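# Close look at the chain arrangement
Each chain, written out:
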Amino acid sequence: MVSLGSIASEAFNVFEDIRGAVAMYMFILEESIQTLNMANWILFKAKLFDKLSENINYIRTQLAQPLKDFANSPAGYLAYPMNLSYSAFAESTLKALDSLELAIQEMSASTE
């Protein structure tokens, strides 16, 4: 016979599995952002601004903004409170990308 306790326990286990998958998805996006930003540092030091700008656009449109949107969505809230950290990370990334673009403009202007 199935008890109410075993049903509740199984439901909780399913929820925890979903919660873990949501958190892992956000983690992989965060790691992707960090990986590309390591490459961006190399590109910046080498003054390869065209490729750097391409990476900035990719991070902004394909990684950071989607991470922020997902973290703040109902699906992201399944991983509360981790979603709040990922949202803050994504927002910080977007601000850092803005700063990097300003640095590119300054460096490009100084070499003209």
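Residues numbered from 1 in each chain as written. Predicted model: local features only at pLDDT ≥ 70, side-chain atom pairs only at ≥ 80, totals over all residues. Heavy atoms only, no water.

### Observations regarding the packing of helix α2 (residues 49-71) against helix α3 (residues 82-110)
Two elements in contact, α2 and α3, have axes whose closest approach is 9 Å; the angle formed by their N-to-C orientations is 160°. Of the possible angle classes, the one that applies to α2 and α3 is roughly antiparallel. The chirality of how α2 crosses α3 is left-handed. Tallied by class, the residues present in the contact of α2 with α3 amount to 15 nonpolar, six polar and five charged. (Axes fitted to C-alpha atoms, helices over the stretch in contact; angles between N-to-C directions. Helix = DSSP H or I, 4+ residues; strand = E, 2+ residues; numbered from the N terminus. Parallel < 35°, antiparallel > 145°, perpendicular 65-115°, else oblique. Left-handed = near helix turned anticlockwise from the far one by under 90°. Nonpolar A, V, L, I, M, F, W, Y, C, P; charged D, E, K, R; others polar.)

### Section: the nonpolar core
Grouped together as the largest cluster of nonpolar side chains are 23 residues, with contacts concentrated most on Met-26, Leu-52, Ile-59 and Leu-67. Contributing elements (two or more residues each) for this core: α1 (4-45), α2 and α3. Beyond its immediate chain neighbours, meaning those up to four positions away, Met-26 contacts Leu-67, Phe-70, Ala-71, Gly-76, Ala-79, Asn-83 and Tyr-86. (Core = buried A, V, L, I, M, F, W, Y, C linked by side-chain atoms within 4.5 Å. Buried < 20%, exposed > 50% of the residue type's maximum accessible area, 1.4 Å probe, protein only. Contact = heavy atoms within 4.5 Å.)

### Some remarks on the packing of aromatic side chains
Applying the stated criterion across every chain, the model contains four aromatic pairs. Measuring from centroid to centroid gives 4.9 Å for Tyr-25 and Phe-70, while their planes differ by 70°, and the two rings are edge-to-face. In this pair, Tyr-25 sits in helix α1 while Phe-70 sits in helix α2, placing the two residues 45 residues apart along the sequence. Of the residues examined, Tyr-25 reaches a relative accessible area of 41% and is grouped as partly exposed. Of the residues examined, Phe-70 reaches a relative accessible area of 22% and is grouped as partly exposed. (Phe/Tyr/Trp six-rings, centres within 6.5 Å; stacked < 30°, edge-to-face > 60°.)

### With respect to the packing of α1 against α3
The contact between α1 and α3 brings their axes to 11 Å, and the two run at 15°. The orientation of α1 relative to α3 falls into the category roughly parallel. Read as a crossing pair, α1 and α3 show a hand that is left-handed. Every residue of α3 that contacts α1 at Arg-19, Ala-23, Met-26, Phe-27, Glu-30, Ile-33, Gln-34, Asn-37, Asn-40 and Phe-44 is listed here: Met-82, Asn-83, Tyr-86, Phe-89, Thr-93, Leu-97, Leu-100, Ala-103, Ile-104 and Met-107. For the contact of α1 with α3, the residue count by class is 13 nonpolar, five polar and two charged.

Keep in mind these numbers describe shape, not what the thing actually does.
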